[in-house]
Structures are given as structure tokens and as C-alpha cells.
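Coordinates in review
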Amino acid sequence: MKDIPLLLIHGYPFDHTLWFATIASLGSKAKVIVPDLPGFGKEPPLREAKPSMEAYADFLARALDDQKTEKVAVAGMSMGGYVALAFAEKFPQRTACLGLISTQAAPDSPDAKQARVEIIEKIRAKGPGIAAETILPKMFSDARPANPDLQNYPTEGAQKAGADGLSWALRAMAARPDRTEFLHSFNHPVLVVHGSEDKIIPFTKARAMAENCLKPIFIEVPGAGHATPLENPDAVANGLVRLLAACAESANQ
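This text gives an overview of the structure that appears in the document. For clarity, every value in this text was computed on a predicted model and none was experimentally measured. (Residues numbered from 1 in each chain as written. Predicted model: local features only at pLDDT ≥ 70, side-chain atom pairs only at ≥ 80, totals over all residues. Heavy atoms only, no water.)

1. Thoughts on unusual backbone geometry
What counts is decided by this rule: Put simply, DSSP marks the helices as runs of H or I at least four residues long and the strands as runs of E at least two long, and each gets a number from the N terminus on.
Here the bond from Tyr12 into Pro13 is cis, since omega is 0°, no more than 30 degrees from zero. Within the secondary structure, Pro13 sits in the loop between β1 (6–9) and α1 (20–26). Positive phi is not limited to glycine here, since Lys68 has a value of about 55°. As for its placement among the helices and strands, Lys68 is situated in the loop between α2 (53–66) and β3 (72–77).

2. Concerning the environment of Pro5
Selection criterion: Whether two residues are in contact is decided by their heavy atoms: any pair within 4.5 Å suffices.
Following the sequence through the fold, Pro5 ends up in the segment before β1. Considering only alpha carbons, one finds Pro5 and Val72, 67 residues apart in sequence, at a separation of 5.1 Å. Aside from chain neighbours lying at most four places away, what touches Pro5 is Lys31, Ile33, Thr69, Lys71, Val72 and Ala73.

3. Things to note about the packing of α2 against helix α6 (residues 148–175)
We apply this condition: Axis definition: a line fitted to C-alpha atoms, over the contacting stretch in the case of helices. Angles run 0 to 180 degrees between N-to-C directions. Following the grouping adopted for this structure description, the nonpolar residues are Ala, Val, Leu, Ile, Met, Phe, Trp, Tyr, Cys and Pro, the charged ones are Asp, Glu, Lys and Arg, and the polar ones are all others, Gly among them.
The geometry of α2 relative to α6 is characterised by a closest axis approach of 8 Å and an angle of 115° between their N-to-C directions. Between α2 and α6, the contacting residues are Met53, Ala55 and Tyr56 on the first element and Trp168, Ala169, Ala172 and Met173 on the second. Taken together, the residues of the contact of α2 with α6 break down into 7 nonpolar, no polar and no charged.

Following this line, the structure appears as C-alpha cells:
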């Protein structure tokens, strides 16, 4: 399993620290690469590229080139899953397998696109903190809404990203295409991890997405909301270990 590096892509409005508990749970079972996407953490925004998941994927490909890493297992949470799908479609020769955590292959609905426009306007008017305030009520299951340690992750992530990083990401998410058919044709192992109490992407959508895959590994995380890597990092890590094992087995066939 260690021969296949694991690229973990954070969601919105987080940065790479989203994965720390999952990485701790993985221990020595995987070689992990955890970048910040442009505009998040300490990574400056993409200034010239048009907002898109493909631009994020290009950034990751360049980062892998810098590390002299050719092929990876790619896994992403929420927006990171959108990026992972874009990476897998654009760089199939570099994608050994795919992990989709609290995410979906479907595009934004018209209402969702409009909601992103409205959030951008609020961020520009009131600052990046409003991004975290808007998403926090939907981020965690009802069993964990008052946990300050968990709430700090999206709050600090939004502040680090600032208005430019957040706005770019929101535009990119709104512009993403439907990758349902691509996922159906992806002939490598696909891990789908989803919280049973997800308030942002319904659990039923995740199950249907897994059923659409050729080689699915489906894991329900009971009692977890949208932020599964924070709410139950052990379950996410166990799923990633299964994915890497499937990757290795597929490569040896």
C-alpha cells in the first residue's frame, strides 16, 4: 500500500489541517501528500486562471511534478472531492484510484449556484468570517454542533483564505460540470465515504453515486454530518486503507 502515495484534498472553507486526525489514524499505513489548494492556508490564490475545478487539478499536477510523483491515489472531501474528480478525468494516467468523501459527482442546481453568488456578495460586504458562519449550522451532525474544537476548523480556514480565496472557490464550485458519466466509466476502485446525517449532501445521493461506480467501496459513517474527517477520522482512515489495498490489488492484476 505504501507504494501508492495518497493525495488528500481538503474541502471548503478548510485547509490541509482538516486531515490531521485522519493522518494520525492512518499512522504508517500510507505515504500521504496534503497540500493547501490555492487561496487556502498559506497558498496564494490563482490570479490568472478562470475559477474551475480543472485549474485546481492543474495546480495539484504541478505540485506532484515538483515532488517527482507520477501516480497517486486521489481522495477529497466535499469541494476536495470535486477537485479529485476533475483530477481523475484530466489526468487519468496519474490516478490509481479515487476517494470521494462527503461529496458528489452532480453539478450545482440553479438554486445552489444562486446561493453561492449571494455568499460571495456577503463575503465582500462583511468579510470572510461570514463564510464560516453560513456553513457551520450545516457542517456537523446535531450531536456535535457546539464542539468548539471542530468549529474552529472552518472558522480559521475561512479567515486564512480571505475574501479572494473563498470567492474564487465558490465561483469554481458553481461552474463545475456533471461528472456522473465520467465516474460511471472510471475503471479503478472508488471509495465513497458519507455521514448518515449529512445536511449538505444527502446520504441517499452518496449511496446512489457509489452504486453508479464500477468498483465501489461504500462506507456509511453513522451519526456523522458533512465533516466526516473531523467527526469520525478513524472511519475515514479505515476507508482509505481499504482503498489503497484495492489500488494495490488492481495494479497487480
